[in-house]
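Chain by chain, the residues:
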Amino acid sequence: MGAHRRKCDWCGSGTPIVRDMEPANPDYQYWCEECARALIITGDPIETYRELEGEPIYGRLLDEHCTLKRFYSFVTA
């Protein structure tokens, strides 16, 4: 299935912007912007990720909403 046809694994409707490269549960790897933002705000951000849209959307969300400032890894293709 191509990335343009995939939906968010959590909500099932949003277009994924980020992939969790080390998910605790492999059923939840692809996250839309809204669900990814919710993860960050609740204190459970994706730590090793790959941006899917070619823009650092998830990186910006981390900068805007993450207060923990742990080390995050951007994975290249």
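This is a predicted model, so every value here is computed, not measured.

Definitions and limits used
Residues numbered from 1 in each chain as written. Predicted model: local features only at pLDDT ≥ 70, side-chain atom pairs only at ≥ 80, totals over all residues. Heavy atoms only, no water. Axes fitted to C-alpha atoms, helices over the stretch in contact; angles between N-to-C directions. Helix = DSSP H or I, 4+ residues; strand = E, 2+ residues; numbered from the N terminus. Left-handed = near helix turned anticlockwise from the far one by under 90°. Contact = heavy atoms within 4.5 Å. Nonpolar A, V, L, I, M, F, W, Y, C, P; charged D, E, K, R; others polar. Salt bridge = Lys/Arg side-chain N within 4 Å of Asp/Glu carboxyl O. Buried < 20%, exposed > 50% of the residue type's maximum accessible area, 1.4 Å probe, protein only. pLDDT = per-residue confidence, 0-100. Phe/Tyr/Trp six-rings, centres within 6.5 Å; stacked < 30°, edge-to-face > 60°.

1. Points about the packing of helix H1 (residues 33–41) against helix H2 (residues 57–65)
- Viewed as axis vectors pointing N to C, H1 and H2 meet at an angle of 35 degrees, and their least axial separation amounts to 10 Å. Along this stretch, H1 crosses H2, giving a crossing that reads as right-handed. Residues Glu33, Ala36, Arg37, Ile40 and Ile41 of H1 pack against Ile57, Tyr58, Leu61, Leu62 and His65 of H2.
- Counted by class, the contact of H1 with H2 contains seven nonpolar, one polar and two charged residues.

2. Remarks on the pattern of salt bridges
- With the rule as written, the count across this model stands at four salt bridges.
- Here glutamate 33 makes a salt bridge to arginine 37, at a shortest N to O gap of 3.3 Å. Here glutamate 33 and its partner arginine 37 are both found in helix H1, four residues apart, which amounts to about one turn of the helix.
- Across the pair glutamate 34 and arginine 37 runs a salt bridge, and its minimum N-O distance is 2.8 Å. Within this pair, glutamate 34 and its partner arginine 37 are both found in helix H1, separated by three residues, close to a single helical turn.

3. Some points on H1
- Those residues of H1 lying buried are Cys35, Ala36, Arg37, Leu39 and Ile40.
- Turning to H1, the residues buried within the fold contact strand E1 (16–20), strand E2 (30–32) and H2.

4. Observations regarding the confidence of the model for the protein
- In the predicted model, the protein carries a mean pLDDT of 86, and 81% of its residues have values of at least 70.
- Here strand E4 (residues 73–74) stands out as the element of the protein with the lowest mean pLDDT, 59, in contrast to E2, whose mean of 98 is the highest.

5. Focus on the packing of aromatic side chains
- Scanning all chains against the criterion turns up four aromatic pairs.
- Their ring planes at 55 degrees and their centres at 5.2 Å tell us that tryptophan 10 and tyrosine 28 sit as a pair that is tilted. Here tryptophan 10, found in the segment before E1, pairs with tyrosine 28, found in the loop between E1 and E2; they are 18 residues apart in sequence, far enough to count as distant.
- Tryptophan 10 gets classed as exposed once you look at its relative accessible area, which sits at 54%.
- Ring geometry for tryptophan 10 versus tryptophan 31: centroids 6.1 Å apart, planes at 20 degrees, classification stacked. On the criterion of sequence distance, the pair formed by tryptophan 10 in the segment before E1 and tryptophan 31 in strand E2 is long-range, its members being 21 residues apart.

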